[in-house]
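Chain residues, written in single-letter form:
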Amino acid sequence: MAESAPRVASTSVQEYPWYGVVEGDELQQGDIFESCPTFLPPETLKNGEHPTVRWGERDLILISQSCDLAKGRAGITQATLCEVWRRSEFQTGPLAKAETLEQIRKGQIPRYHLLAPSSASGFERELRIIDLQQVHSLPIDFLRTRAESEKRLRLLPPYREHLSQSFARVFMRVGLPIDIPSLTKHKQ
């Protein structure tokens, strides 16, 4: 009797939801704060100049590690966040093109990271783009107070860890002054 192929358990997309809806002041990496007040630095700043502090609202996602955000964690008072943009905010330019978004999805443009649309009840959101080079810092206590007063989306594993890896990749890149020549080019 011939042996049959081993059965492989099927995995459905539903087993790995992208988001959860959370409330309360517990913060974790991947928490999304919509219309969050943040400092907006001036485009240019001259040495010795003291600019006026401006505020603006941005959609932000927590990038700081969850262990650093835990209550009672001594010494850490600021959290790191990155800007989140809706796909529809880009009507023109490279980020409006499906080809560019596909490159981002594949990890070929390290500055950006894509978030899948959300279908969570009351938190339906379109495809979004995280700009990993638009980094903000806000006091953890401020974020806790804000979190207490509203529900929010939280990016879930493994998507949260994938985002963290993308963020690290942006800052760990090293440009070499002289690289090894291509091994695929033919010498003539």
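Our subject is the structure listed above.
Bear in mind the structure is a predicted one, so any value in this text is a computation, not a measurement.

**As for the sheet that holds strand 8 (residues 128–139)**
As summarised here, the arrangement of the five strands in space is 2-3-4-8-5, forming an open sheet in which the pairing is antiparallel. Only two strands of the sheet have a single neighbouring strand rather than two, namely strand 2 (32–40) and strand 5 (112–115). Between one strand axis and the next, the sheet turns by 60° as a mean value, whatever way the strands run. As paired elements, strand 3 (residues 54–62) and strand 4 (residues 78–86) share four bridges and run antiparallel to each other.

**Here we look at the environment of serine 137**
With respect to the secondary-structure elements, serine 137 resides in strand 8. The exposure class assigned to serine 137 is partly exposed, which follows from its relative accessible area of 36%. A C-alpha to C-alpha distance of 9.6 Å links serine 137 and leucine 62, two positions 75 residues apart in sequence. Once residues within four sequence positions are removed from consideration, serine 137 is found in contact with Phe39, Gln78 and Ala79.

**Quick word on the pattern of salt bridges**
Following the criterion strictly, the structure yields eleven salt bridges and no others. Residues arginine 86 and glutamate 89 are paired through a salt bridge, measuring 3.9 Å at the closest nitrogen-oxygen approach. Assessed through its relative accessible area of 36%, arginine 86 is described here as partly exposed.

**Quick word on the packing of aromatic side chains**
Following the criterion strictly, the structure yields five aromatic pairs and no others. Ring centres 6.3 Å apart and planes at 40° place the aromatic pair tryptophan 18 and tyrosine 19 in the tilted group. Overall, the relative accessible area of 27% leaves tryptophan 18 in the partly exposed class. Look at tryptophan 18 and tyrosine 159: their rings are 3.9 Å apart centre to centre, the planes differ by 15°, and that puts the pair in the stacked class. Taken together, the residues span a long stretch of sequence, with tryptophan 18 in the segment before strand 1 (19–22) and tyrosine 159 in helix 4 (residues 159–172) at a distance of 141 residues. Tyrosine 159 gets classed as buried once you look at its relative accessible area, which sits at 18%. In textbook terms, an aromatic cluster arises when at least three aromatic residues are bridged by ring pairs, as seen for Trp18, Tyr19 and Tyr159.

**Considerations on the side chain of serine 164**
Inspection of the secondary structure assignment puts serine 164 in helix 4. Beyond its immediate chain neighbours, meaning those up to four positions away, serine 164 contacts Gln29 and Gln65.

**Some remarks on helix 3 (residues 140–148)**
Those residues of helix 3 that fall on the buried side of the exposure criterion are Ile140, Leu143, Arg144, Arg146 and Ala147. The buried residues of helix 3 occupy an angular sector of 165° when projected down its axis, which confines them to one face. Turned more than 90 degrees off the buried face of helix 3, the exposed positions are Asp141, Thr145 and Glu148. As for helix 3, its buried residues are in contact with strand 2, strand 3, helix 1 (66–69), strand 4, strand 8 and strand 9 (152–155).

**With respect to unusual backbone geometry**
In the segment running from proline 157 into proline 158, the intervening peptide bond is cis, with an omega of 0°. Turning to its location among the elements, proline 158 is positioned in the loop between strand 9 and helix 4. At serine 35, a position not held by glycine, the phi torsion is positive, near 50°. On the basis of relative accessibility, which here comes to 39%, the residue serine 35 falls in the partly exposed class.

**Focus: a nonpolar patch on the surface**
On the surface, Phe39, Val53 and Trp55 cluster together into a nonpolar patch covering about 330 Å² of accessible area. With respect to the helices and strands, tryptophan 55 occurs in strand 3. Its relative accessible area of 49% is what places tryptophan 55 among the partly exposed residues.

Rules of the game
- Residues numbered from 1 in each chain as written.
- Predicted model: local features only at pLDDT ≥ 70, side-chain atom pairs only at ≥ 80, totals over all residues.
- Heavy atoms only, no water.
- Pairing = 2+ DSSP bridges.
- Helix = DSSP H or I, 4+ residues; strand = E, 2+ residues; numbered from the N terminus.
- Axes fitted to C-alpha atoms, helices over the stretch in contact; angles between N-to-C directions.
- Buried < 20%, exposed > 50% of the residue type's maximum accessible area, 1.4 Å probe, protein only.
- Contact = heavy atoms within 4.5 Å.
- Salt bridge = Lys/Arg side-chain N within 4 Å of Asp/Glu carboxyl O.
- Phe/Tyr/Trp six-rings, centres within 6.5 Å; stacked < 30°, edge-to-face > 60°.
- Arc of directions from axis to C-beta.
- Patch = residues over 30% accessible without salt bridge, like charges linked within 9 Å, V, L, I, M, F, W, Y side chains within 5 Å.
- Areas by Shrake-Rupley, 256 points an atom, 1.4 Å probe, with all protein chains shown as cover.

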